[in-house]
Amino acid sequence: MIGRADGASDETSARRLSASTVDEANDGVGRPEFDRSDLSVGIVHVGVGGFHRAHMAMCVDSLMSQGLALDWAICGVGLLESDRRIKTIFDAQDCLYTLTVKHPDGREESTVIGSIVDYLFAPDEPEAVIERMAHPGTRIVSLTITEGGYNFDRVTGEFDATAPAVVSDLVPGAVPTTVFGYVTEALRRRRDRGIPAFTVLSCDNIQGNGHMAARVFTAFAELKDPALGAWVRENVSFPNSMVDRITPVTSAEDVASTERRLGLKDEWPVVCEPFFQWVIEDDFPLGRPPVERAGAQLVGDVEPYELMKLRLLNASHQGLCYFGYLSGYRLVHDALADPLIETFLLAYMDREATPTLRPVPGVDLDKYKHTLIERFSNPFVRDTIARLCAESSDRIPKWLVPVIREQLDAGGEVALSAAIVASWARYAEAIDEQGEPITVVDPLRDELVAIAQTQHDDPLAFIRNRALFGDLAENARFADAYSRALHSLHTVGAHETLRTLIGAPIGASTPDEVHPNESEKKL
Ligand SMILES: NC(=O)c1ccc[n+]([C@@H]2O[C@H](COP(=O)([O-])OP(=O)(O)OC[C@H]3O[C@@H](n4cnc5c(N)ncnc54)[C@H](O)[C@@H]3O)[C@@H](O)[C@H]2O)c1
Ligand SMILES: O=P(O)(O)OC[C@@H](O)[C@@H](O)[C@H](O)[C@H](O)CO
């Protein structure tokens with residue numbers, strides 16, 4: 001994101017968006033249709049990135065516009081140094097920002113969102129964050145802290161108590177720095193003051209995100225104080241939820257075009273696609289906003305929806321980003337305009353992901369898959385391949401490796417999933433097919449790049465990393481498919497590899513007629 005956070009405009013003299021200027025916004029731009037002074041905080045949200053502002057904050061705002069959820073306003077919290085920027089901007093803009101929905105036909109709808117009423121930057125005011133969470137009015141603490149934020153072992157799924165920040169937060173009396181430290185201290189104060197526990201609502205792309213949150217927060221609390229751990233286990237509810245709305249990183253052009261549309265300077269607007277989905281388990285002991293009145297679904301079992309979304313949408317994002325980057329694309333819709341990429345994704349979804357899904361109530365999976373292709377192809381969203389290529393080590397093990405394992409166990413196809421893993425390994429060499437450097441963004445970057453650069457001589461080196469892949473390298477069928485794909489990437493490149501992978505007339509044979517290994521043999 002670029003732009004200035006000092007209230008001045010780089011290019012124009014437009015006034016700054018704030019509570020005192022919002023009524024001057026141009027006609028055609030939505031603005032809060034409620035009195036923000038009537039609102040009270042019910043939700044503390046950690047990780048106010050683009051997604052939260054396009055999804056949950058939009059949903060709560062929509063309720064407020066209907067005169068609902070006035071006691072469910074949001075207080076944002078940032079824990080990382082990188083959140084200082086949004087703190088500065090939100091302070092100047094009274095936490096107001098513009099959300100622009102970009103339709104595939106080029107229509108745009110902009111709304112100033114007013115549901116976030118306060119923002120606390122934890123490193124500067126840790127006590128205020130803890131007290132805000134401990135306040136009786138706070139009934140939900142929600143999270144979009146990325147997959148990495150949950151600090152669990154990629155293979156075992158167990159909480160990693162050895163992470164240095166966790167070790168520091170476990171020292172008695174330590175001022176917290178991690179989400180675990182903050183949430184646990186706030187829960188301790190609530191318990192000691194006789195205030196019931198808030199609900200912890202994960203909105204991150206993790207299968208069983210509520211179960212995962214329960215595991216890691218309870219593990220931390222038990223390590224901090226076994227009695228508190230037991231209280232957390234007994235008293236805190238962690239509903240699972242599936243969240244969906246493609247929200248790219250805000251670009252300089254988004255900032256400029258928002259200013260033109262709004263007539264006011266917004267330093268950090270958000271853009272997103274029109275699609276919105278939020279499927280939540282209804283387990284909120286202290287209540288919740290009536291989100292079903294703003295497009296969310298309350299269900300008894302989120303798992304089928306999660307599996308569908310993570311294994312079709314998010315794993316397909318992985319399927320397109322490395323192949324797309326190596327083929328020379330930098331924007332998602334440009335990659336999707338390449339028929340090889342579209343066909344490859346549909347083949348992965350049909351042959352390898354779909355057999356691992358459960359029936360999803362009310363969803364036609366074929367239609368869902370084609371809708372995904374349309375969503376990825378929306379040229380106005382301008383999602384970047386770079387966003388999808390980042391932090392792969394937090395994504396592939398969670399979204400794609402489970403598909404591979406289930407397919408191997410069932411004797412199903414794995415050639416296309418193996419090729420996606422190989423495309424990541426090839427990308428991690430950090431040099432593209434023209435010999436230009438690739439900027440690999442990953443918490444394990446140094447380790448991964450070093451290993452990937454040995455794989456010309458040692459083709460299985462990358463997947464022998466047990467922390468990411470467990471024992472997958474020892475599975476002969478997967479290892480064979482993977483090495484063929486990697487060899488092809490090295491010899492003929494990404495585009496030709498895709499052509500070969502999808503070369504057979506997909507759909508021309510019934511599953512019984514296609515041996516599981518057939519597409520593995522094509523390379
Ligand atoms: N962007 C999307 O299209 C999208 C869609 C569905 C779900 N999501 C989920 O939302 C998450 C965030 O996406 P985004 O687009 O808002 O990203 P973003 O980079 O705009 O914001 C990420 C936020 O998470 C915080 N964060 C990161 N690591 C943290 C940690 N260890 N502890 C505490 N806070 C941490 C950051 O400080 C930041 O506020 C994704 O990782 C995903 O799980 C995103
Ligand atoms: O945000 P991440 O890191 O979980 O994953 C990257 C994308 O796949 C993801 O953001 C999707 O755009 C999103 O999940 C769509 O709802």
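Residues numbered from 1 in each chain as written. Chains lettered and ligands numbered in written order. Predicted model: local features only at pLDDT ≥ 70, side-chain atom pairs only at ≥ 80, totals over all residues. Heavy atoms only, no water.

Student: Just checking my understanding: could you explain the overall build of the chain for this structure?
Tutor: Of regular secondary structure, the chain possesses 22 helices and 11 strands. Dimensions along the principal axes, computed over C-alpha positions, put the chain at roughly 65 × 55 × 45 Å. Classification of the 523 residues of the chain by burial places 57% in the buried group. Across the chain, every contact between residues at least 6 apart in sequence was considered, and the portion connecting residues at least 24 apart equals 77%. Taken as a whole, the chain presents about 20,000 Å² of accessible surface, with 51% of it coming from carbon and sulfur. Across the chain, 50 positive and 79 negative side-chain charges occur, with their mean positions spaced 1 Å apart. (Helix = DSSP H or I, 4+ residues; strand = E, 2+ residues; numbered from the N terminus. Buried < 20%, exposed > 50% of the residue type's maximum accessible area, 1.4 Å probe, protein only. Contact = heavy atoms within 4.5 Å. Areas by Shrake-Rupley, 256 points an atom, 1.4 Å probe, with all protein chains shown as cover. Lys, Arg positive; Asp, Glu negative; His and termini not counted. Charge placed at Lys NZ, Arg CZ, Asp CG, Glu CD.)

Student: Teacher, can you tell me more about the site of ligand 2 here?
Tutor: With respect to spatial proximity, 13 residues lie near ligand 2, and among them Asp244, Lys309, His317, Arg387 and Arg395 are the closest. One of the side-chain N or O atoms of Asn205 is found 2.8 Å from an oxygen atom in ligand 2. Within the side chain of Lys309, an N or O atom sits 2.5 Å from an oxygen atom of ligand 2. Elements with a contribution of two residues or more to the shell around ligand 2: α10 (303-326) and α14 (385-389). Looking at the shell around ligand 2 element by element, the count peaks at four residues for α10. Per-class residue counts for the shell around ligand 2 are four nonpolar, three polar and six charged. Two domains each donate at least three residues to the shell around ligand 2, and these are domain 1 (11-299) and domain 2 (303-522). (Near = heavy atom within 4 Å. Polar contact = N/O pair within 3.5 Å; in protein donor to acceptor, adjacent residues only side chain to side chain. Nonpolar A, V, L, I, M, F, W, Y, C, P; charged D, E, K, R; others polar. Domains from an automatic or database assignment.)

Student: How do you make sense of the site of ligand 1 when you look at a structure like this?
Tutor: In the vicinity of ligand 1, 21 residues are found, and the nearest of them are Asp83, Glu147, Asp204, Asn205 and Thr247. Asp83 places a side-chain nitrogen or oxygen 2.7 Å from an oxygen atom of ligand 1. Between Asp204 and ligand 1, the recorded distance is 2.8 Å, taken from a side-chain N or O atom to an oxygen atom. For ligand 1, whose free accessible area comes to 820 Å², the fraction covered by protein is 78%.

Student: Please clarify how the packing of helix α12 (residues 339-353) against helix α17 (residues 415-427) should be interpreted in this entry.
Tutor: Between α12 and α17, the shortest axis-to-axis distance is 9 Å and the interhelical angle comes to 130°. Considering the angle they form, α12 stands oblique to α17. On the side of α12, the interface is formed by Phe344, Ala347, Tyr348, Arg351 and Glu352, while α17 contributes Ala415, Leu416, Ser417 and Ile420. (Axes fitted to C-alpha atoms, helices over the stretch in contact; angles between N-to-C directions. Parallel < 35°, antiparallel > 145°, perpendicular 65-115°, else oblique.)

Student: Mind showing me how you'd approach the sheet that holds strand β6 (residues 140-143) here?
Tutor: Overall, parallel pairing links the five strands, which are arranged β5-β2-β1-β6-β7 in an open sheet. The open sheet is flanked by β5 (116-121) and β7 (199-202), the only strands paired with a single partner. Direction aside, neighbouring strands of the sheet carry axes that sit 25° apart on average. In this sheet, β5 lies alongside strand β2 (residues 73-78) in parallel orientation, the contact comprising five bridges. Note that in β5 the partner of Gly76 across the bridge is Tyr119. (Pairing = 2+ DSSP bridges.)

Student: Before we go on, may I ask you to explain the UniProt feature "domain: Mannitol dehydrogenase N-terminal" (unreviewed entry) in the chain in this structure?
Tutor: With numbering aligned to this structure, UniProt lists the feature "domain: Mannitol dehydrogenase N-terminal" (unreviewed entry) at residues 42-292. The span residues 42-292 shows a helical share of 37% and a strand share of 20%, and its end C-alpha atoms are spaced 17 Å apart. (UniProt positions renumbered as here; feature names shortened; annotations may be inferred.)

Student: What should I look at first to understand the sheet that holds strand β10 (residues 277-281) in this one?
Tutor: The strands making up a sheet associate through backbone hydrogen bonding, with each pair oriented either parallel or antiparallel. The sheet built from three strands is open, its strands ordered β8-β10-β11 with mixed pairing. At either margin of the open sheet sits one strand with a lone partner, and together these are β8 (241-244) and β11 (297-299). Strand after strand, the sheet turns through a mean of 20° between neighbouring axes, direction not considered. With three bridges joining them, β10 and β11 adopt parallel strand pairing. Considered in β11, the bridge of Val279 is made with Gln297.

Student: How should helix α18 (residues 445-452) be read in this particular structure?
Tutor: Structurally, the α-helix is built with 3.6 residues per turn, so residues lying three or four positions apart point the same way. Among all positions of α18, only Leu448, Val449 and Ala452 are buried. The arc that holds every buried residue of α18, seen down its axis, measures 95°, which confines them to one face. (Arc of directions from axis to C-beta.)

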